[in-house]
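# Observations on chain architecture
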Amino acid sequence: MAASIGAGLNRVDGHLKVSGGARYAGEEPIANMAHAVLIQSTIGKGRVAEIDTGAAERAPGVLLVLTARNAPKLPGTKANPRRPGEAYPLLQDDTVDYNGQHIGLVVAETFEQATHAARLVAVRYAEEPPLARLEQALDKAMVPKHFRDGAREPDSRRGDPEAAFAAAPVKLDQTYTTPVEHHNPMEPHAVTAAWDGGKLTLYHSTQGVFPSRKTVAGLFGIPVDDVHVISHYVGGGFGTKGSTWPHVTLTAVASRMTKRPVKLMLTRRQMYSSNGYRSKTIQRLRLAADADGRLVAMMHDGILQTATFGEFVEPVGLPTEMMYACPNVAVTHRVAPINAGLPTFMRAPGEATGMYALESAMDELAAQLAVDPLELRLRNYAERDEHGDRPWSSKSLKACYERGAAAFGWARRNRRAGATREGDVLIGSGMASATYPANRSQAGATVRLGADGTAVVRSGTQDIGTGTYTIMTQVAADALGLPPSRVIAELGDSAMPATPVSGGSQTAASVMPAIHAAAKAVREQLLALAVGLNDGPLAGAKPADIDIANGALFLVRDPSQREDIGAVLSRAGRDAIAATRDVQPAADAKKYGMHAFGAHFAEVRVDTALGEVRVSRYVGAFAAGRILNAKTARSQAIGGIVYGLGMALTEETHVDARTARIVNANIAEYLVPVHADVPAIEIVLVDEDDPHVNALGIKGLGELPMVGAAAAIANAVYHATGRRVRDMPIRPDKLIAAS
Ligand code: MOS
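Treat the numbers as computed from the prediction; the structure is a model and nothing was measured.

### As for the environment of Phe622
- The topology assignment puts Phe622 in strand E26 (residues 612-623).
- Considering only alpha carbons, one finds Phe622 and Tyr24, 598 residues apart in sequence, at a separation of 32 Å.

Below is the structure:
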């Protein structure tokens, strides 16, 4: 087969994106469109006692002022919504559970008219003091009721961790915290809703066109086939676009009531109140080791926040269950409801936060033992999945450690913390491990090969910026023997074959096997046609004797005997050959622990006068099964590390304790890393052959590179300064205060 897979093919949608030709959900040109603007609560808890919409209704251009007084009752709100947070708040009553909750929606002829009218709505609240922050609600922490959608218990244990901890010669008991963080994709949430009779079309910036269709149809109580969701381009998701948040359903309600297509785009400020966030986490880690540094007990207790009206639990303890070899392990999750929006999936939920804490604790343990941090990981290397009590389908973490350490120059590191100085600047380096489960779900695809020798590959998946269009092109091209330039990939449409949400790093591992299977079926049909022709160079040959490359079929033993794909089809009297395939995860998948792994190595420079931390060098090494595109994979890995840099040094959402209002709901004061914060990052992609995960050996690389990055940087700050900051982010004031 031609080798398009693996090559660093440029993004096939790259030109459209940089030239403005890629049309996003808020850019669909629809005739007669009206514009919606949200009204959100300005109190943290209570009730809307009075709402005066008269002035707004009389304002120029206004078509509708939607509030709990006139919003239709939606039949599906009581049914179990597909994901937490999708069925509330939908203006079904007057309660206010958090500051920034939707309490109304104005629709007008123009965006400016709707914005103006929204300001004319006068609200009187019956206000109660809110529980604004997790720290204020610790006494309310409880066992989660719907942990991982009920797929497993929130706690787990093996062996006797308490006894092993008590008896161990070396132990550590520390608490690590991470703040509320917001996703901040470049493209805000956007939706355009249009009804045609009883059928709804949604142009929706979503990570899941099929889940979105199911949610909205369920809330309206209509068949899923009456909802058509289209999402051709998504300007970043990071988890916030994995759910169909209430603004989407409200826009569809407004469209039905005004009998107009309606568009709603969230403002950047509203992106902090309308679509989830990462929970603050408080994580207690207890690790115990024998004198040789072998772990004998691990206990990881997480306290997370949720909303008063729903439950989402950041699953911080999961990586501790499987990361290291240890006979005695206990993990607990407790969740406390506060007056905030519902937290949600955010880039490696659980792994990113949990591995920050675990890998910080491992660094502290290494320091106590006076063992090199990398050596400590190797002494505790998990040769099998001890939590699942099964072998790994594949694991190349040792190669990640070795190649990452070599690229970084880890062996030259000074063992002593706080010992490397250049004037006022202390220099240090740290490392951490990465892991993420190799998730897969059922997915479908159609491949159609035309007589013009080009193929169209269709799957109703979505490209959230990771490169799905591009790898779809590569996988189909290789299976069909076509150059990638003769394959067109189409996606982001619920009328196409069904696929899962692009969350949990599962798109490549789920969708590409379906594309591969459909393309192989087309290839087999094509070979059968070629050998069945009455004449021509391939007539009468066996299919097994024929290969296809560069758009032509040829005899393997005599490549001069060849015929173009188009010629075969037209001589056979066919316009096209098509096949659709649906692929499920292998039946024996549960026999193996399936995870991708990696290693981070960071160097920081800390200004002792200012407390400022700069990341000066970085190497990330990752093994995630077969890499489909070296360029997009590297890009994804860099993006994950940049997110980790933000987690370690700059990102946090501040909430006012009195009003429960987010006070830095903008990207001037919520600090995502910018170019000046990010050094050159070297990515090592370790080859890995996994025969079990799926037919193509793909594990997925979406979230893995973010996991552990914050710990590597925090560990480097410790190594530079000798000071351990256990509360992310490591702001200058924390380093100065500690000195
Ligand atoms: Mo990812 S947080 O599963 O979209």
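### So, the sheet that holds strand E2 (residues 46-52)
- Reading across the sheet, the 3 strands line up as E4-E2-E6 and stay open at both edges, with antiparallel pairing between neighbours. Across the chains shown, the open sheet's two edge strands, defined by having one partner strand only, are strand E4 (95-96) and strand E6 (122-127).

### Brief notes about the pairing of strand E14 (residues 295-307)
- Of all the 13 residues making up E14, 11 are buried; the element is thus mostly covered by neighbouring parts of the structure.
- Looking at chain direction, strand E13 (residues 281-289) and E14 are connected through 9 bridges and run antiparallel. In the sheet register, Ala289 faces E14, and the bridge partner there is Leu295.
- Counted between consecutive antiparallel strands, the loop separating E13 from E14 contains 5 residues, among which Gly293 sits at a positive phi close to 85 degrees.
- Across 10 bridges, E14 lies against strand E15 (residues 329-338) in parallel orientation. Residue His300 lies in a different strand from E15, and its bridge partner there is Val331.

### Focus: the domain arrangement of the protein
- When its domains are assigned, the protein resolves into domain 1 (25-129 + 186-236 + 241-274), domain 2 (350-438 + 590-737) and domain 3 (441-584).
- Between domain 1 and domain 3, the C-alpha centre-to-centre distance is 40 Å.
- Across the contact, 18 residues belong to domain 1 and 18 residues belong to domain 3.
- Summing the contributions of domain 1 and of domain 3, the shared interface buries around 1,300 Å²; its carbon and sulfur component is 53%.
- On the domain 1 side of the interface with domain 3, the three residues burying the most area are Gln207, Phe210 and His232, jointly 45% of the side's total.
- Taken together, domain 1 and domain 3 are joined by 0 salt bridges.
- Counting every contact that joins domain 1 to domain 3 gives 7 residue pairs in polar contact (both at pLDDT 80 or more).

Rules behind the numbers
- Residues numbered from 1 in each chain as written.
- Predicted model: local features only at pLDDT ≥ 70, side-chain atom pairs only at ≥ 80, totals over all residues.
- Heavy atoms only, no water.
- Helix = DSSP H or I, 4+ residues; strand = E, 2+ residues; numbered from the N terminus.
- Pairing = 2+ DSSP bridges.
- Buried < 20%, exposed > 50% of the residue type's maximum accessible area, 1.4 Å probe, protein only.
- Domains from an automatic or database assignment.
- Contact = heavy atoms within 4.5 Å.
- Buried area = accessible area lost by both parts, 1.4 Å probe.
- Salt bridge = Lys/Arg side-chain N within 4 Å of Asp/Glu carboxyl O.
- Polar contact = N/O pair within 3.5 Å; in protein donor to acceptor, adjacent residues only side chain to side chain.

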